[in-house]
Amino acid sequence: MVFSSIPFLFLFLPGVLAIYYGLLRKRQARNLFLLLASLVFYAWGEPVYVLLMIGSFMGNYLFGLWVHKYREKSNMSHLIITVMLLFNLGILAVFKYLAFVVGIMNSLLHVQLDVPYLTLPIGISFYTFQGISYVIDIYRRDAEPLTNPLDVGLYIALFMQLVAGPIVRFKTIAKQIYERQECERKFVYGIARFIEGLAVKVLLANHFALLADAAFSHEGYELSVMLAWMGAAAYGLQIFFDFSGYSAMAIGLANMFGFHFEENFNAPYISRTVSEFWRRWHISLGTWFRDNVYIPLGGSRVSKWKVVRNLFVVWLLTGLWHGANWTFIAWGLHFFLFIMLEKMLGLESFFTKYKVWGHMYVILVVLFGWVLFRANNIAHALEYMRSMFGLNGNVVIGEEAMFYAREYVLLFIIGILSCLPLKKWVLNRHVNLANTAAIYTYQLVMAALFIFSIAYLVKGSYNPFIYFNF
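Summarised in this report is the structure supplied together with it. (Residues numbered from 1 in each chain as written. Predicted model: local features only at pLDDT ≥ 70, side-chain atom pairs only at ≥ 80, totals over all residues. Heavy atoms only, no water.)

### Considering helix α6 (residues 149-157)
Operational definition: We call a residue buried when its accessible area falls under 20% of the maximum for its residue type, exposed when it is over 50%, and partly exposed in between, using a 1.4 Å probe and counting protein chains only. Secondary structure follows DSSP: runs of H or I at least 4 residues long count as helices, runs of E at least 2 residues long count as strands, and numbering of each begins at the N terminus. Only heavy atoms enter the contact rule, under which two residues are in contact if any of them lie within 4.5 Å. The term polar contact refers here to a pair of N or O atoms within 3.5 Å; inside protein, the definition further demands a hydrogen-donor-capable atom paired with an acceptor-capable atom, and it admits residues adjacent in sequence only when both atoms are side-chain atoms.
With respect to burial, α6 is a largely interior element, seven of its nine residues being buried. Listed as buried for α6 are Asp151, Val152, Gly153, Leu154, Tyr155, Ile156 and Ala157. Those residues of α6 that are buried lie in contact with α2 (27-45), α3 (50-70), α5 (124-139), α7 (170-173) and α8 (176-179). One side-chain oxygen of the residue at the start of α6 lies 2.9 Å from the amide nitrogen of Leu150, identifying that residue as Asn148.

### A few points about the packing of α3 against α5
Rule in force here: All axes are obtained by fitting lines to C-alpha atoms, using only the stretch in contact for helices, and the reported angles, taken between N-to-C directions, cover 0 to 180 degrees. Orientation is classified from the angle alone, with under 35 degrees giving roughly parallel, over 145 giving roughly antiparallel, 65 to 115 giving roughly perpendicular, and any other angle giving oblique. When residues are sorted by character, Ala, Val, Leu, Ile, Met, Phe, Trp, Tyr, Cys and Pro go into the nonpolar class, Asp, Glu, Lys and Arg into the charged class, and all the rest, Gly among them, into the polar class.
The contact between α3 and α5 brings their axes to 8 Å, and the two run at 10 degrees. It follows from the interaxial angle that α3 and α5 lie roughly parallel. The segment α3 lies against α5, with Leu52, Met53, Ser56, Asn60, Tyr61, Phe63, Gly64, Val67 and His68 engaging Ile124, Tyr127, Gly131, Ile132, Tyr134, Val135, Ile138 and Tyr139. Looking at the contact of α3 with α5, its residues break down into 12 nonpolar, five polar and no charged.

### So, the nonpolar core
Selection rule: Among buried residues, the Ala, Val, Leu, Ile, Met, Phe, Trp, Tyr and Cys ones that are joined through side-chain atoms within 4.5 Å form a nonpolar core.
Ranked by internal contacts, the top residues of the largest apolar core, which has 141 residues, are Phe3, Phe8, Phe41, Phe159, Phe257 and Trp370. Of the residues forming this core, the biggest block, 18 residues, is contributed by helix α10 (residues 225-256). The contact partners of Phe41, leaving out residues within four places of it in the chain, are Met1, Phe3, Phe8, Phe12, Phe159, Leu162, Val163 and Tyr246.

### Concerning unusual backbone geometry
One non-glycine residue, Ala267, adopts positive backbone phi at about 45 degrees. Within the secondary structure layout, Ala267 lies in the loop between α10 and α11 (274-280). Positive phi values are uncommon outside glycine, yet His282 reaches one of about 45 degrees.

### As for the environment of Ala248
Turning to its location among the elements, Ala248 is positioned in helix α10. Its relative accessible area of 8% is what places Ala248 among the buried residues. Sequence separation between Ala248 and Leu198 is 50 residues, and the spatial gap between their C-alpha atoms is 8.1 Å. For Ala248, the contacting residues outside a window of four places in its chain are Arg193, Phe194 and Gly197.

### Concerning the packing of aromatic side chains
To keep it simple, the criterion reads: Paired rings are identified among Phe, Tyr and Trp, the last through its six-membered ring, by centres lying within 6.5 Å, and are further divided according to the angle between planes into stacked (under 30 degrees), edge-to-face (over 60) and tilted (the rest).
Here the structure, examined in full by the defined rule, presents 65 aromatic pairs. Measuring from centroid to centroid gives 5.9 Å for Phe240 and Trp281, while their planes differ by 35 degrees, and the two rings are tilted. Residue Phe240 is located in helix α10, and its partner Trp281 is located in the loop between α11 and α12 (283-294); the two are separated by 41 residues in the primary sequence. A relative accessible area of 3% means that Trp281 is categorised as buried.

Just distances and angles here, no functional claims.
So, in structure tokens, the structure goes:
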């Protein structure tokens, strides 16, 4: 089940809200009900693998108790952390990377090992990282362990962030498990954020997906230069609106139930350096890798070559985290290369000073990164990039490109404008939300966006969701 679906919008969510606020009053009862609802939400699409997730949070509950008990004994606590990582990453490795590794072994060793094809559990990367965060935060004394395993399950399986994040660090939500305050202000804000996310996902991401799919389905020689660039741009907008829209919906849902999640996107396409882009894109993942991999390796407070090593490890792991495919590894190393060059050559200060050049540089680097991310394999990615420069004997402007240009010109304008922090600028500088007229206008806009989004879904239009192999 995904948020942008009729069953979720008109069956699951209303039912959960009605029971949560209409029948339950005590905190523990509400927590237990949210856990049960989250398991139903997950079982809707993964009826078998819900048992795997239950095993994951029960295991991490025990690791949390043990590391808390023995954290004064460094040898014992280090052993517990090691076993915990083997437990969590072992589950991830079996379901996400085993077939990939066996395929590599067959190619390198010229053997014929059977390649195990296991269905990838939805959201496994997200709830695995949250399980690790739970134990690590207890080990670092950033939070105390939860005494009830069902509350650990609630933290890990909470349906708002279960399928596609954001990755919610335990230390940021630990107190909210028991002490959150549901109120009308949060609920109304949550509705608005949810509608915003639903609208950009359904009305923008889904439409850009059609163009991206069309472009990436072509052979290199069939793809005009113009359509290749349009397809790459469309995918860049699709993945942004899909993922940021889902994060906005998750944040909105969290507020409806009294939780507060950190923002996961902050207008990344206005960045002037690639480093800045990754401080603004998928913030929860970047923060997780920074705190749990980059800084423990020494961060930037080591020699220049160790900084390069640290960046390499982080971006190799970031690429692998997104999926078991060489394209994801290449995508991660693509960004490693440019971030390393920025830090080693002082390009951050240059592009920050010359803003126009910085923006152009970031957009080009990111677009080529998205081609790697979207392509079926490395050969497909390279062929697509050659098409972007007319190196496949392809025409510059074709009939299909002109058709999509006419159809999408307005959508591209709206999409590009929507990448800018216009809402923050308008609300902060030009709208007084204490003004009754402004409030009514905002409510009408939200209502219109919701109606348009539902009409699109009821129509049965194209409604993909990017799981990113997570």
